[in-house]
Structure formats: C-alpha cells, structure tokens
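Architecture at a glance
Listed here are the chains, written in short residue letters.
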Amino acid sequence: MFKLKPLFSKTSLLINTSLLVLMTSCGSSDSTDTIDDPVDSETEETESAYTYTDCSTLTVQVELMTCLAENLLSTLSTTEVDTMLNDLTETNATESWSNLPAGSFDYNGILIDDLSDEAQEAAEALLDAALSDQGNQTMEEIRLADEYLSTFDGNVYGEDNYAVAFLGTPSTVEPWIVEFAGHHYTFFASYNAEPVSLTPNFVAVEPVTWTDGGETYSPMAQHQEALVTLFDSLDSGQLVTALLPDVYDDVLVGPQDDGNYPEEQEGLSVAELSDAQKDLVIAVIEAYAGDANGTGQFANYTSDEQLDLTYIAYGSYPDITTQDSYARIDGPNIWIEFTVQGGVVFSDNHYHSIWRDKELDYGGNFDL
C-alpha cells in the first residue's frame, strides 16, 4: 500500500590536510612547498540512541504506545530524531496542522514518504495502535482518497504525504502527543500516564466516493449517513428549532481556529428528543469518537448528563448532501462539525469535518 522514498540526509565534508614536500636537485638549496590535499571521506550516519523492543506482549495502552514510539525513534538517525521530537508547547501544537497538502504547509515531524522502509513500518504500527478498528479504516481510506487524487496531480497529493511527529518525549508517566497530520486527516493522540484524547481530529475527503481496482470506497459514509438519519427523524417543528441563521462554507473550529466556539449553544436540545432520536445522536458521536483507542471520550459524551446538555443544529439544508449543508453537535465537552463543499479536483462535492473536545484537545495541556 505504501510507497517508499529514500530520505535525503545532510552530510558534511571532512577535509584532511597533508603536507607534500617537493624536493628538487637543482641549485644549491632545497625548496619546500606546502599545499592542501583534500582527502575524500564518507560521513557516517549517526544512529539513534533508542533501541528496538518487542512490544507485542504489552496490553496497557500507554505502555504500548510509548514502546512503539521508541521503536520508531530507534529507526531514525540523530538528525531525524531531532526533527521528530518537538517541545510540548501550545505553539507547536496549534500552529502545526492544516487542511493543505504537505508542500503547501510546514508540518511538524517527518513525512511518511520520507522515512526508510523500516521507519515506515514502525510508524504505521504506531498509528494503528492509536486507533480503533473503525478509526484505522477511516484513516486508511482517507489516505487512499489522497492517493486517488495523486493520479490527477501527483505533485500535491498522496497517501504517504502525511507527517508524524511527537510533541514531548514518549513516556508512560509524562504528557506527550503523537501528531499525525496532512491534507484531509489529522489527529493528536495525547497521553499522560494513560490515553487522554484523539482530538483535534480533522476528517475530510475528496471525492466522497470512488471506485478503484473494482472496489468502491466511501470513507465518510458512516459520518454522513448518521447525520442524514438524525435530521430525517426530526419533525417540522424540531427542524425549525434546529436551523441555524447563518450559511457555513467550512468548519468554524478548524486548523488555527482553536477555541472559536459560539458564545452560546444554538439549535435543538437533545433533552427534548425522544429516546430513539437520542440513539441517533449517539450514532453520530460514535462515528467520530469511536475512532479513538482507549481514551474514554465516547463514554463521557454519551452519558445521560452530557447528552441532556448537548445541542444539535444544521445550516442551510438538513439533507447533509446539498452544497452548503452544515451539521453540528455541541455538548459540554464534544464539538462536531460537518460541511458539504464544492470540489477542488473534481466538480462534485467534498466533505470537511472535525471532532473537538473542549477540555481535552491536545491532551488538555493548554488553555485554549
């Protein structure tokens, strides 16, 4: 699945100087000339200080993630380790991701495409472990969508045109983050002695469905269909209450818009829904928070107390299919947005969506 591309490393030229004495037999005195004689020498690649460990027996999530992170670091040179490890700061977190392809934005870390074969394998193992089976399928198919786009513009898109980085040093007791970021998919898997969050988690796709090699892919069908079913369940009065006054052509709280939530919740209170409709709200939340492995966010969002303080809303069209359709779930902790936009590479629509946690984005390390 993943294409390999060797990493170009910076090298330095070491020049040794030798003394060459030229002796002549002419005249009554000897003459000596000194010249520089460069000697070619290959620069040795300095190996990482980390060592590979078998992580297969680990069952505690933070221990497994730390082990897999250190295995990835063990495949890197010291220069690459320095690039992979970033300080756990608000700036490094909030300003390091976008919905633009790598090449149009300066991401933290190293692109999957620029890792060695061994490092790619270690990186994929780490990413897989951060996600549930559902989450792995979402991530894989979003990246396949970018690979499909690369057949139309190979200089911009690609399934491996995504960067992996660490904010903080991988640890079983101290806070740190796995950042995986690129064009249409980003997550921040945060740890602090235990899994904390997978947010921000930006999920988008173009095209929304396609067929390749006889197989049809629709990475965000679960998200879109769950929202369609939810809004289809509302009666006319509920639809009026849930309608937002503005038109939205993108998510409000996207990259570099941390904390940009409305001052007051808008739309229809989940407390006013029937039990069957509440189950449909839970299905939408599961389509997002179900991607995380071990964070407990889904269970928190779907408690009776949290649900009764949650609102659902839509903008423009409740069909979540027509361009400018917009949907939102706004709870005490959870924030979900889904937008239907015009295409960039194709004329058909494409989706932008985001899952945020108002308290635990970036592990809750910053006051956003």
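Since the model is a prediction, treat every value here as computed from it, not as a measurement.

1. Examining the overall build of the protein chain
Scanning the protein chain from terminus to terminus reveals 10 helices and 14 strands. Scored against the burial criterion, the 368 residues of the protein chain give a buried share of 48%. Considering only intrachain contacts with a sequence separation of at least 6, the fraction spanning at least 24 residues in the protein chain is 63%. Taken as a whole, the protein chain presents about 17,400 Å² of accessible surface, with 46% of it coming from carbon and sulfur.

2. So, the pattern of salt bridges
Going through the model one piece at a time under the given rule, you end up with seven salt bridges. When the shortest N-O distance is used, the salt bridge between Asp-258 and Arg-356 registers 2.6 Å. Here Arg-356 lies in strand β14 (residues 350–357) and Asp-258 lies in the loop between α7 (236–242) and β10 (268–269), a separation of 98 residues in the sequence. Summarising the burial analysis for this pair, Asp-258 and Arg-356 share the class buried. Through salt bridges with shared partners, one network takes in Glu-124, Arg-143 and Asp-160.

3. Quick word on the packing of helix α6 (residues 221–232) against helix α8 (residues 275–289)
The N-to-C vectors of α6 and α8 enclose an angle of 165°; their axes lie 9 Å apart at closest approach. Taken together, the axis directions place α6 and α8 in an arrangement best described as roughly antiparallel. In the crossing of α6 with α8, the sense of the turn from one axis to the other is left-handed. Across from Gln-222, His-223, Ala-226, Leu-227, Thr-229 and Leu-230 in α6, the residues of α8 making contact are Gln-277, Leu-280, Val-281, Ala-283, Val-284, Ala-287 and Tyr-288.

4. Considerations on α6
Look at α6: 16 Å from first C-alpha to last across 12 residues, which is about the 16 Å you get at 1.5 Å a residue. For α6, the full list of buried residues reads His-223, Gln-224, Ala-226, Leu-227, Val-228, Leu-230 and Phe-231.

5. Structural notes on the state of the cysteines
According to the stated counting rule, one finds one disulfide in the structure shown. In this model Cys-55 forms its disulfide with Cys-67; the gap between the sulfur atoms is 1.9 Å. Given an S-S torsion of about -85°, the disulfide between Cys-55 and Cys-67 has left-handed geometry. Placement of the pair is Cys-55 in the segment before α1 (61–74) and Cys-67 in helix α1, with a sequence separation of 12 residues.

6. Some thoughts on the packing of helix α4 (residues 117–130) against helix α5 (residues 133–150)
Packing of α4 against α5 brings their axes to within 9 Å, and their N-to-C directions diverge by 130°. With respect to α5, the element α4 is oriented oblique. For the pair α4 and α5, the contacting residues are Glu-124, Leu-127 and Asp-128 in the first and Asn-136, Met-139 and Arg-143 in the second. The class makeup of the residues in the contact of α4 with α5 is two nonpolar, one polar and three charged.

7. Considerations on the nonpolar core
General note: in soluble globular proteins, nonpolar side chains tend to be found buried as a group. Core analysis: the largest hydrophobic core is formed by 73 residues, its most contacted members being Val-178 and Phe-187. When residues in this core are grouped by element, the largest group, eight residues, is from α1. Leaving out residues up to four positions away in the same chain, Phe-187 has contacts with Leu-127, Ala-130, Leu-131, Met-139, Val-178, Glu-179, Phe-180, Leu-198, Pro-200 and Asn-201. Ranked by size, the runner-up nonpolar core spans 21 residues in total, among them Ala-93, Val-251, Trp-335 and Phe-366.

Criteria and cut-off values
- Along each chain, residues carry numbers from 1 onward, in the same order as the chain's sequence is written.
- In keeping with the model being predicted, local features are shown solely for residues with a pLDDT of at least 70 and side-chain atom pairs are shown and tallied solely at 80 or more, while totals for entire chains, interfaces and linings include all residues.
- Note: side-chain values were computed over all heavy atoms of the structure, leaving out hydrogens and water.
- Helix numbers and strand numbers start at the N terminus; a helix is a DSSP run of H or I with at least 4 residues, a strand a run of E with at least 2.
- Here the term buried applies to any residue with accessible area under 20% of the maximum for its type, exposed to any over 50%, and partly exposed to those in between, with areas from a 1.4 Å probe on protein chains only.
- By the convention used here, residues are in contact when the closest approach between their heavy atoms is within 4.5 Å.
- Throughout, the Shrake-Rupley method with a 1.4 Å probe supplies accessible areas, and for residues the shown protein chains are the sole cover considered.
- Think of a salt bridge as a Lys or Arg side-chain nitrogen and an Asp or Glu carboxyl oxygen that are within 4 Å of each other.
- Fitted lines through C-alpha atoms serve as axes, helices being fitted only where they are in contact, and the angles separating the N-to-C directions of these axes extend from 0 to 180 degrees.
- Convention used here: angles under 35 degrees read as roughly parallel, angles over 145 as roughly antiparallel, angles from 65 to 115 as roughly perpendicular, and any remaining angle as oblique.
- Note on convention: near helix rotated counterclockwise from far helix by under a right angle means a left-handed crossing. Clockwise means right-handed.
- Each helix should span, by expectation, one fewer than its residue count multiplied by 1.5 Å.
- Two cysteine sulfur atoms form a disulfide, by the criterion used here, when they sit within 2.5 Å.
- We call Asp, Glu, Lys and Arg charged. Ala, Val, Leu, Ile, Met, Phe, Trp, Tyr, Cys and Pro are nonpolar, and the rest, Gly among them, are polar.
- We call a set of buried Ala, Val, Leu, Ile, Met, Phe, Trp, Tyr and Cys residues a nonpolar core when their side-chain atoms join them within 4.5 Å.

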